[in-house]
Amino acid sequence: MKNLKAKLEYHYKAFDKSTISPDPLEFLHKYKYPDDIEVSGVISSTFAFGNVKQIIKILDILHGIMGESPADFINNFDVKKHSKYFEGIKYRFFSTSDIIYLFSGLQKIYSAYGSLKYLFLLYHSAEDKNLKESISRFSENLLDRISEKTELTHGIKFMFPNPMAGSAAKRINLFLRWMVREDELDFGIWNEIDPSQLVIPVDTHIARICTELKLTTKKNVSWNMAEEITENLKKYCKTDPVKYDFAICHIGMRKLKF
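Bear in mind that the values here come from a model prediction, so they are computed numbers and not experimental data.

### Things to note about the packing of helix α8 (residues 116-123) against helix α9 (residues 132-146)
Two numbers describe how α8 lies on α9: the axes approach to 8 Å, and their chain directions differ by 130°. One element, α8, and the other, α9, form an angle in the oblique class. Crossing handedness for the pair α8 and α9: right-handed. Residue-level inspection shows Leu116, Leu119, Phe120 and Tyr123 of α8 in contact with α9, the latter providing Ser134, Ile135, Arg137, Phe138, Asn141 and Leu142. Here the contact of α8 with α9 is built from residues that sort into 7 nonpolar, 2 polar and 1 charged.

Okay, here's the thing in structure tokens:
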């Protein structure tokens, strides 16, 4: 156990801000205002699946459209006025219409609540072991807003999966890591939430490395796997178990030895 803790701490310190690229998180670091960071964060995490080069490419396009202030773009978003900017833009499961409805849905949420943080905190309880229930209700609200005037397509449903249905909810957990934790990489702008409640964002890289490290016994990527890994990481850092996520993920992505 001591040996693994030493390795985890070594890699956590080694993967600092200078090692951030390639990662969707690099887009958030272009901004200094919390509102812009939050909007960049939800867009960047929503598209954070697939090949990292393709992720960076689509996020470069979308941030180019949003311009200097993603928050201003969302707050002023109008389907009739702005749809033309998204012509021909698709990403894996997301059609052009799905992407437009995402931006439109976010505009409705910001108009109603002022921020995603305020909406999330409506569902948050400091008494919960982790954020499973609050993520579930948050996701349901986001999907309701996005699909108000359209059918709930496969692409839209994929944007915000529900951990209550067993999903690992990797991309929402990633977004929450960026918002809640604070260090060189993560922003800590949702400081009302305790980092100990975060759950690790599990993808194939995290699953493979954590299986090798015996941090999980589960065979399939799921919410149960994410919870098990997180609980085991609490043995090494009870207050901030997800601090190791970036390093573990990038060791897997870059095919490095742990």
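There's more to say after this.
### Topic: the nonpolar core
By size, the foremost hydrophobic cluster in this structure holds 87 residues, and its most contacted members are Ile43, Phe47, Phe86, Phe103, Leu116 and Trp190. Apart from residues no more than four positions distant in its own chain, phenylalanine 103 is found in contact with Ile43, Leu62, Met66, Phe73, Ile74, Phe77 and Phe86.

### With respect to the packing of aromatic side chains
The tally for this structure, following the rule as stated, stands at 19 aromatic pairs. Residues phenylalanine 49 and phenylalanine 93 carry aromatic rings whose centres are separated by 5.8 Å and whose planes lie at 15° to one another, so their mutual orientation is stacked. Of this pair, phenylalanine 49 sits in the loop between α3 (34-46) and α4 (52-66) while phenylalanine 93 sits in the loop between α6 (79-82) and α7 (96-113); the two residues are 44 residues apart in sequence, bridging distant segments of the chain. Taking the relative accessible area as the measure of exposure, phenylalanine 49 reaches 10% and is therefore buried. The class for phenylalanine 93 is partly exposed, based on a relative accessible area of 37%. One aromatic cluster is present, built from ring pairs that chain together Phe47, Phe49, Tyr91, Phe93, Phe94 and Phe158. A cation sits over an aromatic face here: arginine 92 above phenylalanine 93, 5.6 Å from the ring centre.

### Brief notes about the pattern of salt bridges
Side chains that differ in charge, positive against negative, can pair when their charged atoms come close. According to the stated counting rule, one finds 10 salt bridges in the structure shown. Arginine 177 is the partner of aspartate 245 in a salt bridge, and the nearest nitrogen-oxygen pair spans 2.5 Å. Taken together, the residues aspartate 245 in helix α14 (residues 245-253) and arginine 177 in helix α11 (residues 170-180) connect sequence positions 68 residues apart. The exposure class assigned to aspartate 245 is buried, which follows from its relative accessible area of 3%. For arginine 208, the salt bridge goes to glutamate 212, with nearest N and O atoms at 3.4 Å. Taken together, the residues span about one helical turn, with arginine 208 and glutamate 212 both in helix α12 (residues 204-212) at a distance of 4 residues. A single salt-bridge network, built from bridges that share partners, covers Arg177, Arg181, Asp183, Asp186, Asp240 and Asp245.

Scoring rules and cut-offs
Residue numbers run consecutively from 1 along every chain, following the written order of its sequence. Only residues with pLDDT of 70 or above have their local features reported here, since the model is predicted, and side-chain atom pairs are shown and tallied only from 80 upward, although totals for entire chains, interfaces and linings are computed over all residues. With hydrogens and water set aside, each side-chain value is computed from the structure's full complement of heavy atoms. Axis definition: a line fit to C-alpha positions, over the contact stretch in the case of helices; interaxial angles, taken between N-to-C directions, run 0 to 180 degrees. A run of H or I in DSSP counts as a helix once it spans at least four residues, and a run of E counts as a strand once it spans at least two, with each numbered from the N terminus. Working rule for angles: under 35 degrees goes down as roughly parallel, over 145 as roughly antiparallel, 65 to 115 as roughly perpendicular, anything else as oblique. Put simply, a crossing is left-handed when the front helix is turned counterclockwise from the back one by less than a right angle, and right-handed when it is turned clockwise. Contact between two residues is taken to exist if any of their heavy atoms lie within 4.5 Å; hydrogens are not considered. Residues are grouped as follows: Ala, Val, Leu, Ile, Met, Phe, Trp, Tyr, Cys and Pro are nonpolar; Asp, Glu, Lys and Arg are charged; all remaining types, including Gly, are polar. We define the nonpolar core as a collection of buried residues of types Ala, Val, Leu, Ile, Met, Phe, Trp, Tyr and Cys that are connected through side-chain atoms lying within 4.5 Å of one another. Remark: exposure states derive from per-residue accessible area (1.4 Å probe, protein chains only) relative to the maximum for the residue type, with buried under 20%, exposed over 50%, and partly exposed in between. Whether two aromatic rings pair depends on their centres lying within 6.5 Å, for rings of Phe, Tyr and Trp, where Trp uses its six-membered ring; planes under 30 degrees apart make the pair stacked, over 60 edge-to-face, and the rest tilted. The criterion for a charge sitting over a ring is simple: Lys NZ or Arg CZ within 6 Å of the ring centre, and within 35 degrees of the ring normal. By convention in these notes, a salt bridge is any Lys or Arg side-chain nitrogen within 4 Å of a carboxyl oxygen on Asp or Glu.

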